[in-house]
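The primary structure of each chain is shown beneath.
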Amino acid sequence: MARSLETPLSGCTIDRLRVALVAAPLETPIVAPFGTVTTRHNILVRVETSDGCWGIGEAWGNFPPWGCRERVDILTNVVRPALVGQTLDDPTRLYGTLTQAMRALANQLGAPGPFQQALCGADIALWDAAARRAGRPLADFVRGGPSPRHADVYATNLPIQRPAAIEEMASKGHTRFKFRVSGDDPLLIDRLREARSVAGTRPMMADATQSFRLETLRPLADALDALSLDWLEEPFLVDDERAYIAWRDETVRPPVALGENVYRRAGFRRILDIVRPEVAQPDITKTGGISEGREICREILADGRRACLHMYGGPVGLYASSHLSAAIDGMSWVEMDSLPNPLFEMLLHQAPSIDDGKLRFEDQPGLGDIIRHEVFERFEVR
């Protein structure tokens, strides 16, 4: 019988926490509303136990690039001393312990986001280690029983200037597609119509990355609705609740999605009650780890909304998100990078396998043997 989360593991001690910062230069920079990305960064966390077990996690460090060092410093100066010597009995208990240990300092620095992101990386590593010790795939360990060996995914960050990217992604096994759009693009509707003609009836989404104002989006409501988008993501600044409420009350519009910049259960409870998006998008490397992320997902589903895990980082976060999605009935799609990402080539033994819109993973303990063994020897921050 699979071990459930409510069944504590027999005790073993966490005796090491290691942090790696990987930098992968891009041949083609990514131009985002916040700036230009010339290098993809990835923050990896590895916990090791007294009985030789280990687990790996990913902390969010996508942007800005100079923010990665702060997360690394939090992991080494705050998380490491709080975890080493603890018993690996229940990842959720340890998540709570770390939350309390970090709370005062996060408040003092006025930086709950970076602290939460560092905590998420450690939390995923703890779950991976606990699942490996139990001899179960992470999805089975989270569920407390057998789970599918795949998760539904969608290709993200497609350039709206190149609708043909849909077929490029389809040739790699994708069946769902999300475009990056800008609120100041005068040709936006025409571009989306062209993309829809290529996509046909296949699911298509648009991510505005907080680039619209309410007064500029309202005139486009009818045209956007006619495109049959599964969602329009983060059209406004995510702290502009008034704009989201006003847009929600439009009689004709595409569904709204947001959540990657919302933190912890209290934050999601607020947007579910006030903004009421049709799609909520927690990111387990950023907003809640697995310990809190699974509860967030359950609340989203209980409210009758779609739960689609956000993921725009490295392969550990992608596979961890996919295991969590597979472990909870009713989950929708996991976001998956579509642009060339050298992190995957640098870190993975083999490229992800996408078949009919599903990311498949092996029947191995924890996250499986996905990461090259020399990663921490090459990139560990010492």
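In this text, all values refer to a predicted model and were calculated from it rather than measured experimentally.

Draft legend 1. View of the layout of surface pockets. One number sums up the size of the largest pocket: a volume of about 570 Å³. In terms of lining residues, the largest pocket is bounded by 27 residues, among which Phe34, Asn62, Phe63, Thr209 and Glu260 are the most central. Residue assignment for the lining of the largest pocket shows that the elements contributing at least two residues are β1 (14-32), β2 (35-49), β4 (150-159) and β5 (177-180). Top contributing element to the lining of the largest pocket by residue count: β5, with three residues. Looking at the lining of the largest pocket, its residues break down into eleven nonpolar, seven polar and nine charged. Looking at the second largest pocket, it is lined by 18 residues, and the ones nearest its centre are Lys172, Leu339, Phe344, Ala351 and Pro352. Sorting the residues of the lining of the second largest pocket by element identifies β11 (334-337), α13 (342-347) and β12 (353-355) as the ones contributing at least two each. Among the elements that make up the lining of the second largest pocket, the one with the highest residue count is α13 (three residues).

Draft legend 2. View of the sheet that holds strand β3 (residues 54-59). Reading across the sheet, the three strands line up as β1-β2-β3 and stay open at both edges, with antiparallel pairing between neighbours. The open sheet has two edge strands, β1 and β3, and neither has a second partner. Between one strand axis and the next, the sheet turns by 20 degrees as a mean value, whatever way the strands run. Two elements, β2 and β3, share six bridges in a ladder whose sense is antiparallel. Each bridged residue has a counterpart across the sheet, and for Glu48 the counterpart in β3 is Trp54. On the sheet, helix α1 (residues 68-83) packs against β1 and β2 and is oriented at approximately 165 degrees with respect to β1. Contacts from helix α12 (residues 315-327) reach β2 and β3, with the element oriented near 105 degrees to β3.

Draft legend 3. Fine view of the pairing of β1. The pairing of β1 with β2 spans 14 bridges and is classified as antiparallel. Of the residues in β2, the one forming a bridge with Ile14 is Thr49. Counting the residues in the hairpin turn of β1 and β2 gives two residues.

Draft legend 4. Region of interest: α1. Of all the bends found along α1, the most pronounced is centred on Leu75 and spans about 35 degrees. At its buried positions, α1 is contacted by β1, β2, α2 (91-109) and α3 (112-134). Where α1 terminates, the next one or two residues include Gly85, which has phi positive at roughly 95 degrees.

Draft legend 5. Here's a closer look at the packing of aromatic side chains. On inspection of all chains with the given rule, the structure shows six aromatic pairs. Their ring planes at 70 degrees and their centres at 5.9 Å tell us that Trp127 and Phe141 sit as a pair that is edge-to-face. Taken together, the positions of Trp127 in helix α3 and Phe141 in helix α4 (residues 138-143) put the pair 14 residues apart, joining distant regions of the chain. Grouping aromatic residues by their ring pairs yields a cluster made of Tyr154, Trp231 and Trp333. When the ring centre of Trp60 is taken as origin, the NZ or CZ atom of Lys286, which lies over that ring, is 4.0 Å away. Residue placement shows Arg306 over the ring face of Trp333; its charged tip is 4.4 Å from the ring centre.

Draft legend 6. A look at the side chain of His41. Looking at where His41 falls in the secondary structure, it is placed in strand β2. In terms of polar contacts, His41 uses its side chain to reach the backbone carbonyl oxygen of Thr39, at 3.4 Å.

Cut-offs used in this document
- Residues numbered from 1 in each chain as written.
- Predicted model: local features only at pLDDT ≥ 70, side-chain atom pairs only at ≥ 80, totals over all residues.
- Heavy atoms only, no water.
- 1 Å grid on protein atoms, 1.4 Å probe; cavity = no way out; pocket = protein on both sides within 12 Å on 5 of 7 lines; lining within 4 Å.
- Points joined across faces, edges and corners; volume = space filled by probe spheres on them.
- Helix = DSSP H or I, 4+ residues; strand = E, 2+ residues; numbered from the N terminus.
- Nonpolar A, V, L, I, M, F, W, Y, C, P; charged D, E, K, R; others polar.
- Pairing = 2+ DSSP bridges.
- Axes fitted to C-alpha atoms, helices over the stretch in contact; angles between N-to-C directions.
- Contact = heavy atoms within 4.5 Å.
- Bend = angle between axes of the 7 residues up to and from the residue.
- Phe/Tyr/Trp six-rings, centres within 6.5 Å; stacked < 30°, edge-to-face > 60°.
- Lys NZ or Arg CZ within 6 Å of the ring centre and 35° of its normal.
- Polar contact = N/O pair within 3.5 Å; in protein donor to acceptor, adjacent residues only side chain to side chain.

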